[in-house]
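Chain and residue survey
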Amino acid sequence: MKKLWSMVIMVIMSAALLLSAYTVEGADTALNFPNMDWKMGREEVMQAGGFTEEDLADYSAESQYSSVLIKEGYEVFGAESVYTAFELFDFGSGKQELFCVTVNYPDDADMGHVLEEMEKAYGETVSDVAVYELFDPLVAASTGQLYKKDYAQSEHVKIWSGRSVSEAVPKGQEDDYKRVWQEKSHPEATRSFQPGLNDENWEEFSQNAKMNVIFWLEEGQDVMNSGNTLCFLALNQHVYDEVTRRIENQE
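Residues numbered from 1 in each chain as written. Predicted model: local features only at pLDDT ≥ 70, side-chain atom pairs only at ≥ 80, totals over all residues. Heavy atoms only, no water.

**Concerning the confidence of the model for the protein chain**
Per-residue confidence for the protein chain averages 84 on the pLDDT scale, and 82% of its residues sit at or above 70. Note that residues 1-27 has pLDDT below 50 and, in this model, 68 contacts with residues that lie over four places away or in other chains. (pLDDT = per-residue confidence, 0-100. Contact = heavy atoms within 4.5 Å.)

Here is the structure:
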C-alpha cells in the first residue's frame, strides 16, 4: 500500500505540475492505450474502460485543469492490475483530455505474457528514448535548462516510441512551433509547456523528444522503483495539438 500511495502521489503531482483539441495530421494513433485514444475526456475514458464514477478508488483526484482517475483491478493485456491511473489535463483548449496512463501490476504478474501482447499490438521496440521532464527542482526550475533523462532497453525495460517532434512539425513552420511551444498552457500557469525550452535548445529538443512513448517495466528496473509497471505517455502529442490549434487560430 505504501508503494501504491507513493505512485498515486507522483501521478497527481505530475498532472498538477503541467504548465498550466483537436485532431491533427501529426497524431501517432498507433501508440494508443487499448480501446482508448488520446483525445478522450473523462466520460469517454470511463465509457471506453467500462467503469463508472462509483468504480473509482477514493484517492482519485480532480482540479480545474487536471484529473486522475484510479481504477483498481483493471485488466490490461491479459493481466489484472493492482491499479490503473488515467491522467487527464486541459492543455489550453478548454477540455481535459487523456495524456498518460500508468498500469501497476502485482509482483507475481506474468510480465512475459504482457510483453508478448504488447509486441502484438505495437510491434518492435526501440533501443532507447530521451524523455524531457516537466519539472526538476535542481535543473529546469533553478537554471532554466532542459532536464532530459535517457532510457535504454534492457531485459527489464522495453520501450516503444512515436515520431520525434521535428518529424511532426510541418515544413516551413518550424519557427512558429518553436515560438508557441515556449508559451504557457494557461495565463495563470507559472511555467511553459516545456520548462527550460528556448530558441537555442529548440533543435535539440525537437529532434530528440518523441510525440508518444510507452514503457514496459519489470520490477521497475532502471527507470522507477514502482514494481511491474506500464507507462503510456502522450504529453508531446497534446502540446503539439494545442500549439497547432493556436497557430491556425493565430492566437
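After that view, the rundown keeps rolling.
**As for the pairing of strand β7 (residues 128-132)**
Most of β7 sits inside the fold, with four of its five residues counted as buried. The sheet contact formed by β7 and strand β8 (residues 148-152) spans five bridges and is antiparallel. Within the sheet, the bridge partner assigned to Y132 lies in β8 and is K148. (Buried < 20%, exposed > 50% of the residue type's maximum accessible area, 1.4 Å probe, protein only. Helix = DSSP H or I, 4+ residues; strand = E, 2+ residues; numbered from the N terminus. Pairing = 2+ DSSP bridges.)

**Points about the pattern of salt bridges**
Summed over all chains, the structure comprises 13 salt bridges. Among the ionic pairs, D150 bridges to K148, the shortest N-O distance being 3.8 Å. Measuring nitrogen to oxygen at the nearest pair gives 4.0 Å for the salt bridge that ties E183 to R179. With relative accessibility at 25%, the residue E183 sits in the partly exposed group. A residue is classified by how much of its surface remains accessible, and R179, at 46% relative accessible area, is partly exposed. The network of salt bridges with shared partners includes D176, R179, E183, E242, R245 and R246. (Salt bridge = Lys/Arg side-chain N within 4 Å of Asp/Glu carboxyl O.)

**Some details on the sheet that holds strand β10 (residues 213-217)**
Read across the open sheet, the seven strands follow the order β1-β2-β5-β6-β11-β10-β9; overall the sheet is antiparallel. Every other strand in the sheet has two partners, leaving β1 (61-62) and β9 (157-161) as the edge strands with one partner each. Where β10 meets strand β11 (residues 228-233), five bridges bridge the pair, whose relative direction is antiparallel. By the bridge assignment, V213 is partnered in β11 with L233. Contacts from helix α2 (residues 42-49) reach β1, β2 (66-72), β5 (83-89) and β6 (97-105) within the one sheet, and its direction differs from that of β2 by about 15°. (Axes fitted to C-alpha atoms, helices over the stretch in contact; angles between N-to-C directions.)

**As for the pairing of β6**
Where burial is concerned, most of β6 is hidden: nine out of the nine residues are buried. Taken together, the seven bridges between β5 and β6 define a ladder with antiparallel strand orientation. When the bridges of β6 are listed, E87 appears paired with C100. Where β6 and β11 come together, six bridges link them in antiparallel fashion. In the strand pairing of β11, V103 is matched with L230.

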